[in-house]
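Here are the chains, one letter per residue:
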Amino acid sequence: MTGRRRKQLYSFFAASGTGFEAFFTAGGMLVVAVCTKKEYMTVAVPELHFNDSMWHCVDVVHIAGRRPFGQNMVNIYADGQLRKVAQLRFPSLNESFTSCCIGSAGHRTTTTVSTSPSHTPDLTFASHSALSRSQSFPATSGGYSWGPSGTLNPREGLVSTIVAGTQDTEWGTPTSLEGHLGTVSIFHDTIQQAHVKALYSAALRYRWTFVAECSL
């Protein structure tokens, strides 16, 4: 496990250690994670490898489930196409973020590492209807669904859960992206697939319009 690193695309964490992030493994696999006070949950996209020295557009959309039976979801897009869907817990926005990093390792990504507030920004999200929605837990015993023809649906993502604070052991210590990063946008509300395709189409003509453009 010594020497393992995870290349941070972004990370937003509160002083308590709760938050969310996305990173790339050494092999170029994209992983999206949400951390609560007890659990660190991840969804990976093993079908794609982003360490090909090419530019890619990455969109991560967290969706809060509507009451009473709605499921919290995450949609992961790459180059305008939906690549993975999973029942991932919606990130808690009840606390101010004390560590907000894009493309860098930051000062904390676990519940056990201390943070120096003087070096990290304080980002508070405005009140939103998503905060009052249900916070259902994902099913960790299974992650793939079967289509009408009996074939495996590759877009259905598997949610992996470990104890919060052990992510550095499991995934490696956080480090900088070690690549090129274009324009990054953070949207307050959920964007739809049509929006993702429109952004990607525009980016083919004007590169700076990418939501998140990266090259490893």
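Residues numbered from 1 in each chain as written. Predicted model: local features only at pLDDT ≥ 70, side-chain atom pairs only at ≥ 80, totals over all residues. Heavy atoms only, no water.

Caption draft 1: How the structure looks around the packing of aromatic side chains. Throughout the structure, instances matching the rule amount to 7 aromatic pairs. Measuring from centroid to centroid gives 5.4 Å for phenylalanine 12 and phenylalanine 20, while their planes differ by 25°, and the two rings are stacked. The same class applies to phenylalanine 12 as to phenylalanine 20, namely buried. Judged by its relative accessible area of 11%, phenylalanine 20 falls in the buried class. Through successive ring pairs, a cluster of aromatic residues spans Tyr10, Phe12, Phe20 and Phe97. If you follow arginine 6 out to its NZ or CZ, it ends over the ring of phenylalanine 23, 5.4 Å from the centre. (Phe/Tyr/Trp six-rings, centres within 6.5 Å; stacked < 30°, edge-to-face > 60°. Buried < 20%, exposed > 50% of the residue type's maximum accessible area, 1.4 Å probe, protein only. Lys NZ or Arg CZ within 6 Å of the ring centre and 35° of its normal.)

Caption draft 2: Structural view of the pairing of strand 6 (residues 73-78). For strand 6, a buried count of 6 out of 6 residues is recorded, marking the element as mostly surrounded by other parts of the structure. Across the two faces of strand 6 the burial is the same, with Met73, Asn75 and Tyr77 and Val74, Ile76 and Ala78 all buried. Two strands pair when backbone bridges link them, and strand 5 (residues 56-63) and strand 6 are joined in this way by 6 bridges, in the antiparallel orientation. Bridge pairing in strand 6 links aspartate 59 to tyrosine 77. When strand 6 meets strand 7 (residues 81-86), the two strands line up antiparallel, connected through 5 bridges. Across the sheet, the residue bridging to valine 74 is alanine 86, located in strand 7. Counting the residues between successive antiparallel strands, the hairpin from strand 6 to strand 7 contains 2 residues, one of them, aspartate 79, with a positive phi of roughly 55°. (Helix = DSSP H or I, 4+ residues; strand = E, 2+ residues; numbered from the N terminus. Pairing = 2+ DSSP bridges.)

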